[in-house]
Amino acid sequence: MEPRERRGRHRDGEEDELTPCSVTTGFFVLGRCGGPAVAACGQCGQPICQAHVEANGLCPECAAAAGYAPQDPHDPRWVGGYRRWFHHRTSQAYNDPTWYSSFDSYDRGSFNPGDDWNSGSGDFGGDDGGGFVDS
Amino acid sequence: MFWRKQRAAIDGFHSLHQALIWQRGFSATMLPDEWGRLVHSLAGHGAVVRRRKWAPPPRATTVVVPLVQVLSADTRGDGTLSVAADLRGPNVQGKLSAQQTFPGQRRGVRKIVEWWSYDPWLSMRAELRDGSELELTIADRVRYRKIHKRSQSGKYKTKMKTKTVQRVSVTRRLPAGTALQRPPSPPPRWITVRVRDGKRPVIRASAKLMAGGQDERALPEQILHMATELFRWSPASAAGATGTARRTS
């Protein structure tokens, strides 16, 4: 297990030269990693930096979808998976639709029944009636 | 000398990890990356040290590590995270009050000796990347009662009772000029919220939790539920005002 990676940040102008990593970071205050991307996720195609490249060249969210979400809080990648689970829990506790609207699409995916790790569309994908309705 | 290999392994741990083993607590202010190194050190403890006496206090792994991970994720790169953890337990000198003696009211009860303990065992402060500051404190308040009785056969007996209540407080100080917005739904009833609107708004969520029989692994989730309320008061439209932050202001 590696220690927590340093989250790269760019000053204005640098982002024009490098493709920034678009992995979501944070827990309450969400943001993009912004570090220099070295690859594209093999599944969703989003640019990812060296620190966020998971097994098989996937981004952390797609790796979690494949069942590799760490359960140990000591793992530096644990926060991402826990955030998604926790926001699901808080929406039940608070019953606040505006809180839900501030979620990342990755976090919204946890509301889709039977689709534990849908990170793309959340409840906006398709009109199948199986999305988030309890608000 | 016994245990010399494990003792040598402990000498190679992070200094705060060693403080958890030997002093059962620490107080430090560090950058998120340095906290990551401490968590990394704690993760490797069980692989090299098997002596239970030298294990970190259980609260270090069940409460402190998850909260450090979450707050580190929200701390800005050059911001600091401060943690003061005193995991020695409530029954140590300096945390105990003077004893009081009451006469027994019921039949067979000779006297009741009562004393209290106040144990503020965790305090954290983080400088978040949206410009706000988050503070949390957890304190155990324990009531001890020693009841002296005399049985029907004339034997003297004592019974010890303890009752623990946890006081949790989470405070968020927002950047100057932030407009507050009351959330559309109230928080769960067990959370009390106080708001001070002004040049620099302050929101505080506090709760009294019954401790003891409860599994303490649920405590980080309860604390984060309280912290959630603080982030519902700042409008999402102001997100991204500073750097990469997208939610809150």
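Per chain, residues are indexed from 1 in the order of the written sequence. Chains carry letters from A onward and ligands carry numbers from 1 onward, assigned in written order. The predicted origin of the model limits local features to residues at a pLDDT of at least 70 and limits the giving and counting of side-chain atom pairs to 80 or more, whereas totals for whole chains, interfaces and linings rest on all residues. Note that the side-chain values use all heavy atoms of the structure and ignore hydrogens as well as water.

**Thoughts on the overall build of chain B**
Heads up, the condition is: Helical segments are the DSSP runs of H or I of at least four residues, strand segments are the runs of E of at least two, and each set is numbered from the N terminus. Whether a residue is buried, partly exposed or exposed follows from its accessible area with a 1.4 Å probe, protein chains only, as a fraction of its type maximum: under 20%, in between, or over 50%, in that order. Contacts were defined at the residue level, with two residues in contact if any of their heavy atoms lie within 4.5 Å. The Shrake-Rupley method, run with a 1.4 Å probe, gives the accessible areas here. Residue values count only the displayed protein chains as cover. Only four residue types enter the charge count: Lys and Arg as positive, Asp and Glu as negative, with His and the chain ends excluded. Note that the charge is assigned to NZ on lysines, CZ on arginines, CG on aspartates and CD on glutamates.
Of the regular secondary structure elements, chain B holds 6 helices and 8 strands. Starting at the N terminus, the α and β elements of chain B follow one another as α-α-β-α-α-α-β-β-β-β-β-β-β-α. Burial status across chain B gives 48% buried among its 249 residues. Counted over contacts in chain B with a minimum sequence separation of 6, partners at least 24 positions apart contribute 65%. Of the accessible surface of chain B, which amounts to about 13000 Å², a share of 49% is contributed by carbon and sulfur atoms. Charge-centre separation for chain B: the mean point of 45 positive side chains lies 14 Å from the mean point of 18 negative side chains.

**Here we look at unusual backbone geometry**
Within the chain, arginine 24 of chain B stands out as a residue other than glycine whose phi angle is a positive 60 degrees. With respect to the element layout, arginine 24 of chain B can be found in the loop between helix H2 (15-22) and strand S1 (25-30).

**Comments concerning the pattern of salt bridges**
Residues and elements named next belong to chain B. Test applied: Throughout this description, the term salt bridge denotes a Lys or Arg side-chain nitrogen within 4 Å of a carboxyl oxygen of Asp or Glu.
Scanning the model with the defined rule gives 19 salt bridges over all chains in all. Arginine 59 is the partner of glutamate 216 in a salt bridge, and the nearest nitrogen-oxygen pair spans 2.8 Å. With a gap of 157 residues between them, glutamate 216 in the loop between strand S8 (202-210) and helix H6 (219-232) and arginine 59 in helix H5 (residues 58-74) connect regions that are remote in the sequence. Relative accessible area serves as the criterion here: at 24%, glutamate 216 is assigned to the partly exposed category. The exposure class assigned to arginine 59 is buried, which follows from its relative accessible area of 16%. Via salt bridges that share partners, Arg76, Asp78, Arg125, Glu127, Glu133, Glu135, Arg173 and Arg200 belong to a single interconnected network.

**A closer look at the environment of valine 68 of chain B**
All names here are of chain B. Mapped onto the secondary structure, valine 68 falls in helix H5. A sequence separation of 13 residues divides valine 68 from leucine 81, and the C-alpha atoms of the two residues are 8.2 Å apart. For valine 68, the contacting residues outside a window of four places in its chain are Trp35, Val39, Leu81, Val83 and Met124.

**Quick look at the packing of aromatic side chains**
The following threshold applies: Stacked, tilted and edge-to-face are the three classes assigned to paired rings of Phe, Tyr and Trp, where Trp is represented by its six-membered ring and a pair needs centres within 6.5 Å; plane angles under 30 degrees give stacked, over 60 edge-to-face, the rest tilted. Here, a charge over a ring is recorded when the distance from Lys NZ or Arg CZ to the ring centre is within 6 Å and its angle to the ring normal is within 35 degrees.
Overall, the coordinates contain 12 aromatic pairs over all chains when judged by the stated rule. Here phenylalanine 27 of chain A and phenylalanine 86 of chain A contribute two aromatic rings whose centre-to-centre distance is 5.4 Å and whose plane-to-plane angle is 40 degrees, an arrangement assigned as tilted. Taken as a pair, phenylalanine 27 of chain A in the loop between strand S1 (24-25) and strand S2 (31-32) and phenylalanine 86 of chain A in helix H3 (residues 78-94) lie far apart in primary sequence, 59 residues in all. Residue phenylalanine 86 of chain A is classed as buried on the basis of its relative accessible area of 0%. Between tryptophan 78 of chain A and tyrosine 82 of chain A, the aromatic rings sit 4.5 Å apart at their centres with planes inclined by 15 degrees, giving stacked as the arrangement. With tryptophan 78 of chain A and tyrosine 82 of chain A both in helix H3 and 4 residues apart, the pair spans about one turn of that helix. Taken individually, tryptophan 78 of chain A and tyrosine 82 of chain A each receive the classification buried, so the pair is uniform in this respect. Across the ring face of tryptophan 54 of chain B, the terminal group of arginine 51 of chain B is positioned such that the distance to the ring centre comes to 4.6 Å. The ring of tryptophan 121 of chain B is capped by arginine 59 of chain B, whose NZ or CZ atom sits 3.9 Å from the centre of that ring.

**Overview of the pairing of strand S3 (residues 37-40) of chain A**
Selection criterion: Should DSSP find at least two bridges between two strands, the strands are regarded as paired.
Bridge count for S3 of chain A against strand S4 (residues 47-49) of chain A is 3 bridges, and the pairing is antiparallel. In the sheet register, alanine 40 of chain A faces S4 of chain A, and the bridge partner there is proline 47 of chain A.

**Thoughts on the environment of glycine 31 of chain A**
All names here are of chain A. Topologically, glycine 31 is positioned in strand S2. You can call glycine 31 buried: its relative accessible area is 0%. In the structure, glycine 31 is positioned 19 residues away from glutamine 50 in sequence and 17 Å away in space, judged by C-alpha atoms.

**Things to note about the confidence of the model for chain B**
Residue and element names in this part refer to chain B. Here is the rule we go by: pLDDT is a residue-level measure of predictor confidence that goes from 0 to 100.
Across chain B, pLDDT averages 90, with 92% of residues at or above 70. By mean pLDDT, helix H1 (residues 4-11) is the weakest element of chain B at 92, and strand S2 (residues 81-86) is the strongest at 97. Residue range residues 237-249 is modelled with pLDDT below 50. Its contacts to residues more than four positions away, or to other chains, number 49 contacts. Across the interfaces of the predicted complex, the ipTM metric reaches 0.84, alongside a pTM of 0.82.

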